[in-house]
Amino acid sequence: MSVTHTRLHFFILLRALPAWLQLPREQRNTIATTALGKALSLSTAQQPLSLRHFDAEAFSGVCSDIVLCEAGDMLQWHCVMEILRDSPLFSAPYFELVHIIPALEEGFRQFEALQTA
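Calculation criteria
- Residues numbered from 1 in each chain as written.
- Predicted model: local features only at pLDDT ≥ 70, side-chain atom pairs only at ≥ 80, totals over all residues.
- Heavy atoms only, no water.
- Core = buried A, V, L, I, M, F, W, Y, C linked by side-chain atoms within 4.5 Å.
- Buried < 20%, exposed > 50% of the residue type's maximum accessible area, 1.4 Å probe, protein only.
- Helix = DSSP H or I, 4+ residues; strand = E, 2+ residues; numbered from the N terminus.
- Contact = heavy atoms within 4.5 Å.
- Expected span 1.5 Å × (residues − 1).
- Arc of directions from axis to C-beta.
- Salt bridge = Lys/Arg side-chain N within 4 Å of Asp/Glu carboxyl O.
- Axes fitted to C-alpha atoms, helices over the stretch in contact; angles between N-to-C directions.
- Parallel < 35°, antiparallel > 145°, perpendicular 65-115°, else oblique.
- Left-handed = near helix turned anticlockwise from the far one by under 90°.
- Nonpolar A, V, L, I, M, F, W, Y, C, P; charged D, E, K, R; others polar.
- Pairing = 2+ DSSP bridges.

A. Molecular detail of the nonpolar core. Trp-20, Cys-69, Leu-84 and Phe-95 are the most contacted members of the largest nonpolar core, which has 24 residues in total. Sorting the residues of this core by element identifies β1 (8–16), α2 (25–40), β3 (65–71), α3 (74–86) and α4 (88–91) as the ones contributing at least two each. By residue number, the principal contributor to this core is β1, which donates five residues. Leave out the neighbours within four places in its chain, and Leu-84 touches Ala-35, Leu-36, Ala-39, Leu-89 and Phe-90.

This is the structure in structure tokens:
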């Protein structure tokens, strides 16, 4: 049975705190760009990393924002979270970490392929 390398996906559910919402938008953009830029600096040609942001506040009372992180391995993922935790996004704090949901993209297809191998 052969297992192919699978990229890791993590949905990070966040709740914006009043301290974040009280900041001018320009300052929010600077803080977020700096923090996410440091995390993205972990990306390499061999281990690409991506972060995508989704607004959810108009649709959910659970979280205001969702970040989708695609990492090459667990260490890279761990380092992303260390960088974000050390940033003002979590340390000021400007956001509350609601939940982290790990997922496999089309994991069922990989399972089915292993069953027929």
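Next comes the rest of the write-up.
B. Broad picture of α3. The first and last C-alpha atoms of α3 sit 18 Å apart over 13 residues, in line with the 18 Å expected at 1.5 Å per residue. Within the sequence span of α3, burial applies to Gln-76, Trp-77, Val-80, Met-81 and Leu-84. For α3, the angular spread of the buried residues around the axis is 135°, confining them to a single face. Exposed residues pointing more than 90 degrees away from the buried face of α3 are listed as Met-74, Leu-75 and Asp-86.

C. Up close: the pattern of salt bridges. Counted under the stated rule, the structure contains four salt bridges. Its salt-bridge partner being Arg-85, residue Glu-82 comes within 3.1 Å of it at the nearest N-O pair. On the criterion of helical spacing, the pair formed by Glu-82 and Arg-85 is a turn pair, its members being three residues apart in helix α3. Across the pair Glu-106 and Arg-109 runs a salt bridge, and its minimum N-O distance is 3.1 Å.

D. Looking closely at the packing of α2 against α3. With their axes 9 Å apart at the nearest point, α2 and α3 run at an angle of 155° to one another. As summarised for this structure, α2 and α3 are arranged roughly antiparallel, according to the angle between their axes. Our pair here, α2 against α3, has a crossing hand that is right-handed. Residues Ala-35, Leu-36, Lys-38 and Ala-39 of α2 form the contact with α3, whose participating residues are Val-80, Ile-83 and Leu-84. The residue inventory of the contact of α2 with α3, partitioned by class, reads six nonpolar, no polar and one charged.

E. Representation of the pairing of β3 within the structure. When you tally the buried positions in β3, you get five out of seven residues, the bulk of the element. Sheet analysis places strand β2 (residues 50–55) next to β3, joined by six bridges and oriented antiparallel. Pairing of Leu-51 across the sheet is with Cys-69, part of β3.

F. Spotlight on the environment of Leu-75. With respect to the element layout, Leu-75 can be found in helix α3. Judged by relative accessible area, which is 57%, Leu-75 ranks as exposed.

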